[in-house]
Amino acid sequence: MTGSRFVLILDDEPAICRGLVLFANHLGVDAMAVSTHEEFFQEVSQRNPTHIILDLRMPKMDGIEVLGELANRGCQAAIAISSGSDDRLVAGVQRSIIAHGLKCAQLLPKPVSLASLSAFLNLEVEDDRSTKETAPTRKSANLPITEEDIRIAISENQFQIALQPIVHCSTLAVKGFETLIRWQHPIRGSIMPDQFIPHAEGCGLIDAVTDVVLDQALSWLAQLSQFTELSLSVNISGKSQGVPGFPDMVEQKCRSFGVSPELLTLEFTETAVAENPSLALDVLTRLRLKGFELSLDDFGMSSSTLAMLANLPFTEMKSDKSFSMTAATSKESRAFIKSTVDLGHELALRTVAEGVEDQATLDYLKAIGCDFAQGYFIARPMPKEQVSGWITQHSLSLVSLTQVC
Ligand code: C2E
Ligand code: CA
Ligand code: CA
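Small disclaimer: the values here were computed from a predicted structure and weren't measured.

A.B. asks: I tried to follow the coordination of the calcium ion (ligand 2) on my own but got confused; where do I start?
C.D. replies: Six octahedral donors around a metal ideally sit at 90 or 180 degrees from one another, while four tetrahedral donors ideally sit at 109.5 degrees. Within the first shell, the calcium ion (ligand 2) binds the protein through Glu178 (OE), Asn235 (OD1), Glu267 (OE) and Asp297 (OD), at distances of 2.1 to 2.3 Å. Each donor residue of the calcium ion (ligand 2) lies on the same chain, and together they follow the pattern E-x56-N-x31-E-x29-D. A separation of 4.1 Å is found between the calcium ion (ligand 2) and the calcium ion (ligand 3), both of which receive a donor from Asp297. Of this pair, Glu178 sits in strand 7 (residues 174–185) while Glu267 is found in strand 10 (residues 264–269), placing the two residues 89 residues apart along the sequence. Considered together, Glu178 and Glu267 belong to a single accessibility category, that of buried residues.

Rendered as structure tokens:
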């Protein structure tokens, strides 16, 4: 059998189960099929599968419920949906997998072919965190994170920033970088933000975490004297909106690092803003008056109204990554991105699409006039020490592209 791969299949049709197990074994991969969710979750706990294949329509617990439970358990397996359902429904489920923070929203149309199964099983298990960033350990997903852990992480400098480029869709020139926090725990290894930011928010330590991020981000930007045009985006928790003096604090920090507020884009998620639009209006307006750029992040994931969007002083709109990640296969995702771009431009906002994972999506964004793109196809988040090298390489590849054209 190939490496330590183990595929767990949940399907209520015995013939399909038998076929998938046979195919997997033929490919040298250990496999097991179960037909109830009780057996399924028992095997997930006991055998920790590297790959999971789910049938969407199950009698007792449907695919969406199963995905929710897998997300609660911090499941790290690569997941594929095998379904004969219509494309629209399946594309919605694919976005749901991404929104739950689960891995590899792969589709395996029924009847599953040996080629498509082989492509899925050959995926790297830690796929989306693979090369440039340390893979999070499986152990870390299951251990509870305490307030004390976060305090220690702050005092012992365990939080570091990673930076991901944002480029112009039309020219691919670098516009700037988004700052993404990473926790390098001495025992648990790398812990990703989705696993600890909600805890930091819950125990009142999020402002201390933001403080660390802003200090690292601003000192990095201040040193990048040769690339002064670059802007930096920083994620701000919705909880910080309610902190009195938040706009003054960020302004003061910029001043102490000698960074102009115009170079800093503060990203607020749509959900955070929708929770308290009147508070958001006060805080965002004050930030804007001080010169900061403001981005509405994860657009499309909440039920914000057009009126709310038009009333708030955002300068940028970022469609949620789940739409770009599925744009190549879903016409609904493409339609959503196009409407976002049109709406953003009507409101005089810059538009950014994140989660760009392939050339076809980048081409599409360019064709519909989206301003900026961010995603693994351009570059994964990288440690700050690698940024100058990446910029030089990227500029060189743009020059050679121009010469070819
Ligand atoms: P976000 O702000 O929406 O950040 C984008 C996330 O998508 C990042 O995940 C990034 O690594 C990932 N990403 C970018 N391009 C692609 C792509 O092409 N494909 C895929 N599959 N993923 C892509 P990350 O770093 O795990 O961060 C997750 C979330 O944690 C962020 O989502 C943000 O909401 C939050 N976060 C990260 N850093 C901070 C921080 O410093 N403060 C706060 N409050 N939240 C943060
Ligand atoms: Ca963001
Ligand atoms: Ca986002």
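The structure having been displayed, the exposition proceeds.
A.B. asks: Explain the site of ligand 1 to me, please; I cannot follow it from the model alone.
C.D. replies: Around ligand 1, 24 residues are found, and the nearest of them are Arg182, Asn235, Asp297, Glu357 and Tyr376. Contact distances for ligand 1 include 2.8 Å between an oxygen atom and a side-chain N or O atom of Arg182. Sorting the residues of the shell around ligand 1 by element identifies strand 7, helix 8 (193–202), strand 11 (293–299) and helix 14 (321–326) as the ones contributing at least two each. Grouping the amino acids of the shell around ligand 1 by side-chain chemistry returns 10 nonpolar, five polar and nine charged.

A.B. asks: How do you make sense of the packing of aromatic side chains when you look at a structure like this?
C.D. replies: In this description, a pair of aromatic rings is defined by centroid distance and the angle of the planes. Scanning the model with the defined rule gives eight aromatic pairs in all. By way of ring pairs, the aromatic residues Phe159, Trp183 and Phe196 are connected into one cluster. It is Arg380 that lies over the ring of Tyr376; its NZ or CZ is 4.2 Å from the centre.

A.B. asks: I'm lost on the nonpolar core in this one. Help?
C.D. replies: Across soluble globular proteins, nonpolar side chains have a tendency to be buried as a group. Counting residues in hydrophobic clusters, the biggest one holds 69 residues, and the most contacted among them are Phe159, Phe177, Leu264, Phe268 and Phe314. With nine residues, helix 9 (residues 206–223) is the largest single contributor of residues to this core. Not counting residues within four places of it along the chain, the set of residues in contact with Leu264 comprises Leu214, Leu218, Leu232, Val234, Val250, Cys254, Phe292 and Glu293. Val34, Ile52, Leu70 and Leu102 belong to the second largest nonpolar core, which has 23 residues in total.

A.B. asks: How should the environment of Met325 be read in this particular structure?
C.D. replies: Counting through the fold element by element, Met325 comes out in helix 14. Its relative accessible area of 25% is what places Met325 among the partly exposed residues. Beyond its immediate chain neighbours, meaning those up to four positions away, Met325 contacts Ile98, Gly355 and Glu357.

A.B. asks: Is there a simple way to explain the coordination of the calcium ion (ligand 3) in this structure?
C.D. replies: At this site the calcium ion (ligand 3) is bound by Asp297 (OD), Asp298 (OD) and Glu354 (OE), with donor distances of 1.8 to 2.4 Å. Sequence spacing of the donors to the calcium ion (ligand 3): D-D-x55-E. Using a relative accessible area of 23% as the deciding quantity, one classes Asp298 as partly exposed.

A.B. asks: I'm lost on the side chain of Ser295 in this one. Help?
C.D. replies: By the element assignment, Ser295 lies in strand 11. Overall, Ser295 belongs to the buried group, its relative accessible area being 0%. Apart from the residues lying within four places of it in its own chain, the contact partners of Ser295 are Thr265, Leu266, Glu267, Phe268, Phe314, Glu316 and Lys318.

The rules behind each value
- Residues numbered from 1 in each chain as written.
- Chains lettered and ligands numbered in written order.
- Predicted model: local features only at pLDDT ≥ 70, side-chain atom pairs only at ≥ 80, totals over all residues.
- Heavy atoms only, no water.
- Donors = N, O, S within 2.8 Å, 3.2 Å for Na, K, Ca; no water.
- Helix = DSSP H or I, 4+ residues; strand = E, 2+ residues; numbered from the N terminus.
- Buried < 20%, exposed > 50% of the residue type's maximum accessible area, 1.4 Å probe, protein only.
- Near = heavy atom within 4 Å.
- Polar contact = N/O pair within 3.5 Å; in protein donor to acceptor, adjacent residues only side chain to side chain.
- Nonpolar A, V, L, I, M, F, W, Y, C, P; charged D, E, K, R; others polar.
- Phe/Tyr/Trp six-rings, centres within 6.5 Å; stacked < 30°, edge-to-face > 60°.
- Lys NZ or Arg CZ within 6 Å of the ring centre and 35° of its normal.
- Core = buried A, V, L, I, M, F, W, Y, C linked by side-chain atoms within 4.5 Å.
- Contact = heavy atoms within 4.5 Å.

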